[in-house]
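# Overview (structure and organization)
Take a look at the letters that make up each chain.
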Amino acid sequence: MARVSFVDDLTPISDFRIRTAEIVAKVKKTKRPVILTQRGRSAAVLEDVREYERKADRLELLESILAGMRAAEKGAVVSHAKAMAELDKMLHD
C-alpha cells in the first residue's frame, strides 16, 4: 500500500480545479492518494480506483474474519467436515 506523503500529497481544492488532469495522472502513477484541502483543512481524498478496490476487498475479508472470530467466541461453530461439505455444495451447485 502506498503511503501518503504529507509534503507531496496535500493539494488545495483550488489547485485541483486548475490541474485536475495532472493530479489524477499523478495519483494513477504513484498509487498514492491525494488529500484535497479546503481552507487549510482536509476535505476529501482522491484515490486510484484499483487501490480503492484492493482496500475494499481487504476490508471485507478482515470484517469476515472478525465476524467468524466473534461467532467462535459465542460457540456458534460447525465441524470442519460440515463446513467443507457446505462449501463443496456451494461451489458445485
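For the structure given in this document, a descriptive report is provided here. (Residues numbered from 1 in each chain as written. Predicted model: local features only at pLDDT ≥ 70, side-chain atom pairs only at ≥ 80, totals over all residues. Heavy atoms only, no water.)

Listed in full, the 6 residues of the largest apolar core are Ile13, Phe16, Ile23, Val27, Val34 and Leu36. If near-sequence neighbours (up to four positions away) are discounted, isoleucine 23 is found in contact with Thr11, Asp15, Phe16, Val34 and Leu46. (Core = buried A, V, L, I, M, F, W, Y, C linked by side-chain atoms within 4.5 Å. Buried < 20%, exposed > 50% of the residue type's maximum accessible area, 1.4 Å probe, protein only. Contact = heavy atoms within 4.5 Å.)

Among the surface-exposed residues, Leu61, Leu62, Ile65 and Met69 lie close enough to one another that they form a single nonpolar patch of about 400 Å² accessible area. Residue position: methionine 69 is located in helix H3 (residues 49-73). (Patch = residues over 30% accessible without salt bridge, like charges linked within 9 Å, V, L, I, M, F, W, Y side chains within 5 Å. Areas by Shrake-Rupley, 256 points an atom, 1.4 Å probe, with all protein chains shown as cover. Salt bridge = Lys/Arg side-chain N within 4 Å of Asp/Glu carboxyl O. Helix = DSSP H or I, 4+ residues; strand = E, 2+ residues; numbered from the N terminus.)

Spatially, 3 strands are ordered S1-S2-S3 in an open sheet, and the strand pairing comes out mixed. The strands lining the two open edges of the sheet, one partner per strand, are strand S1 (10-12) and strand S3 (41-46). On average, each strand axis in the sheet is inclined to that of its neighbour by 35 degrees, with strand direction left out of account. Relative to strand S2 (residues 34-38), S1 runs parallel, the two being bridged by 3 bridges. Within S2, the residue paired with threonine 11 across the bridge is leucine 36. On the sheet, helix H2 (residues 20-30) packs against S1, S2 and S3 and is oriented at approximately 65 degrees with respect to S3. (Pairing = 2+ DSSP bridges. Axes fitted to C-alpha atoms, helices over the stretch in contact; angles between N-to-C directions.)

A few words on unusual backbone geometry. Of note in the backbone geometry, lysine 31 takes a positive phi value of approximately 65 degrees without being a glycine. Considering the arrangement of structural elements, one finds lysine 31 in the loop between H2 and S2. The exposure class assigned to lysine 31 is partly exposed, which follows from its relative accessible area of 34%. Its identity as a non-glycine residue notwithstanding, arginine 39 has a phi of 55 degrees, on the positive side. By secondary structure assignment, the location of arginine 39 is in the loop between S2 and S3.

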